[in-house]
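Here is how the chains run, residue by residue.
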Amino acid sequence: MSSAAPRPADPDHLWSVEEHLEDVLATVRPLEPIELNLLDAQGCVLVEDITVAVSLPPFDNSSMDGYAVRVADVAGASEEFPAVLEVVGDIAAGLASSLRVGPGQAARIMTGAPMPPGAEAVVPVEWTDGGLGEGPVTGMPAHSLVPEGAQGQVQVHRAAEAGAHIRARGGDARSGDRALDAGTVLGPPQIALLAAIGRGTVKVRPRPRVVVLSTGSELVQPDEALADGQIYDSNSFALTACARDAGAIAYRVGAVPDDAETLRSTIEDQLVRADLMVTTGGVSVGAYDVVKEALSHVGDEDEPGSGVEFRKLAMQPGKPQGFGTIGPDHTPLLALPGNPVSSYVSFELFVRPAIRTLMGLDDVHRPTTRARLVADKALTSPAGRRQFLRATVSDGSVRPVGGAGSHLVAALAQADALIVVPEDVESVEPGTEVEVVLLG
């Protein structure tokens, strides 16, 4: 799960974004692989190459409801001069059949049913009279209603080439082919392929279990009444959703009051179900910033090599950060700021890559691009800080949304990107090409 605790640092050192992220990713290790049933493996990363054991499809079969025929018997057929063939029986999908199609014969065949010996093509039922002798039909009557439809004669109104409307054995994948590579994230199409080639279980790295808790005595759960000085707890919901979006199994603990002992005991209780813990709030320099109080010395004596360090980063928003490992298993913990935008940006920069690393992915970062800034005036940024501004991006242009305040949740809901202003840039003029982190 993790290696050693983070490297010690001068408490006055201003960490760069890269330094902090490097420290996080150097500590987090991919989870150990396990064997899971297919649906339990959804969203997980394969740790083995998968080889096709059974060709897809495993036999030649019809891609249409119609009639299995010999090419020579329908050559030149038309509505004016139809080919008249003897129907020797039905071939249904999933049922074994001993039928053989000889000269002048046809077998009524359903989609997915195996091609009978002797047949070279399938003519769709719409190209025939359906055995009714009354011109082209639009479909077959149900066998249970008209069992005699599998006998008698059928008129075929169009010719068919060899192989027409036949799914050839191995046409999708051949036995021995590589089906999926190690490192593949299993989504619905990959699950479908695994099932189709007969794999009921697969070896993967499990989805990380992430526990999210927010701190603050002022926080109230949604749907409850607000008293004076209280606000609703949005951070725990936002970060839990972020963790799930990143691929984790996330548990929201909710708000813990500003009491160091309560927080410490809550975290200890949650360790049993956590591969990664995320807290939000209580990491700044206020008298009630209890995360620092509760975790600054955790593990120093009881779990050598573990502990949480609190830092200042050269970024805006998100200057105060905490990171380390706690508990007997050295579970990684990231302590994020409490302002909603600060916690969200911090998650995207640090927690999401940690989750993706636990999953065993190679590419753990959000994609970036370059776009032209569209704004009413120049953007300003504090010297020595890397600024991340909420924005919307479209057609090569990016536009800021909302102000720079780290509490502006409504503006955050409109954003699908972050504008990155480097540490050495204090002003960005409209029309300038800027770096953009894509969030969607």
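Note: the structure precedes this text.
A short tour of the structure in this document, coming up. Just so it is clear, the model here is predicted, and its values are computed rather than measured.

## A few points about the nonpolar core
Argument step 1. The biggest cluster of nonpolar side chains holds 40 residues, and the ones touching the most others in it are Leu 276 and Ile 355.
Argument step 2. Examining the composition of this core, we find that 11 residues originate from one element, helix H7 (residues 340-359), more than from any other.
Argument step 3. Setting aside residues up to four positions removed in sequence, Leu 276 forms contacts with Arg 209, Val 210, Val 211, Thr 331, Pro 332, Leu 334, Val 351, Ala 354, Ile 355 and Leu 358.
Argument step 4. Formed by 19 residues, the second largest nonpolar core is a distinct cluster that contains Leu 213, Leu 271, Ala 274 and Leu 295.

## Description of the pattern of salt bridges
Two side chains with opposite charge may pair up if their charged atoms get near one another.
Argument step 1. All chains considered together, the criterion is met by 16 salt bridges.
Argument step 2. Notably, a salt bridge pairs Arg 209 with Asp 275, separated by 3.1 Å at the nearest N-O pair. In this pair, Arg 209 sits in strand S14 (residues 209-215) while Asp 275 sits in the loop between helix H5 (260-270) and strand S18 (276-280), placing the two residues 66 residues apart along the sequence.
Argument step 3. Accessibility expressed as a relative area gives 29% for Arg 209, which makes it partly exposed.

## Structural notes on the packing of helix H4 (residues 235-246) against H7
Argument step 1. The N-to-C vectors of H4 and H7 enclose an angle of 30°; their axes lie 9 Å apart at closest approach. It follows from the interaxial angle that H4 and H7 lie roughly parallel. Judged by the twist between their axes, the crossing of H4 over H7 is right-handed. Residues Asn 235, Leu 239, Cys 242, Ala 243, Asp 245 and Ala 246 of H4 form the contact with H7, whose participating residues are Pro 340, Ser 343, Tyr 344, Phe 347, Arg 352, Ile 355, Arg 356 and Met 359.
Argument step 2. For the contact of H4 with H7, the class distribution of residues is 9 nonpolar, 2 polar and 3 charged.

## A closer look at the sheet that holds S14
Argument step 1. Taken in spatial order, the 7 strands make up an open sheet running S1-S19-S21-S22-S18-S14-S17, and their pairing is mixed. Each having just a single partner strand, strand S1 (14-15) and strand S17 (249-256) make up the two edges of the open sheet.
Argument step 2. When S18 meets strand S22 (residues 331-336), the two strands line up parallel, connected through 4 bridges. Looking across to S22, one finds that Val 278 is bridged to Leu 334.

## Thoughts on the environment of Arg 70
Argument step 1. Among the structural elements, Arg 70 can be located in the loop between strand S6 (66-69) and helix H2 (71-74).
Argument step 2. Put simply, Arg 70 and Gly 324 are 254 residues apart on the chain and 72 Å apart in space, counted from C-alpha to C-alpha.
Argument step 3. Those residues in contact with Arg 70, other than ones at most four positions away along the chain, are Val 101, Gly 102, Pro 103, Gly 118 and Glu 120.

## Thoughts on the packing of aromatic side chains
Argument step 1. Scanning the model with the defined rule gives 0 aromatic pairs in all.
Argument step 2. When the ring centre of Trp 127 is taken as origin, the NZ or CZ atom of Arg 158, which lies over that ring, is 4.0 Å away.
Argument step 3. Cation over ring: Arg 252 sits above Phe 237, and NZ or CZ is 4.0 Å from the ring centre.

Cut-offs used in this document
Residues numbered from 1 in each chain as written. Predicted model: local features only at pLDDT ≥ 70, side-chain atom pairs only at ≥ 80, totals over all residues. Heavy atoms only, no water. Core = buried A, V, L, I, M, F, W, Y, C linked by side-chain atoms within 4.5 Å. Buried < 20%, exposed > 50% of the residue type's maximum accessible area, 1.4 Å probe, protein only. Helix = DSSP H or I, 4+ residues; strand = E, 2+ residues; numbered from the N terminus. Contact = heavy atoms within 4.5 Å. Salt bridge = Lys/Arg side-chain N within 4 Å of Asp/Glu carboxyl O. Axes fitted to C-alpha atoms, helices over the stretch in contact; angles between N-to-C directions. Parallel < 35°, antiparallel > 145°, perpendicular 65-115°, else oblique. Left-handed = near helix turned anticlockwise from the far one by under 90°. Nonpolar A, V, L, I, M, F, W, Y, C, P; charged D, E, K, R; others polar. Pairing = 2+ DSSP bridges. Phe/Tyr/Trp six-rings, centres within 6.5 Å; stacked < 30°, edge-to-face > 60°. Lys NZ or Arg CZ within 6 Å of the ring centre and 35° of its normal.

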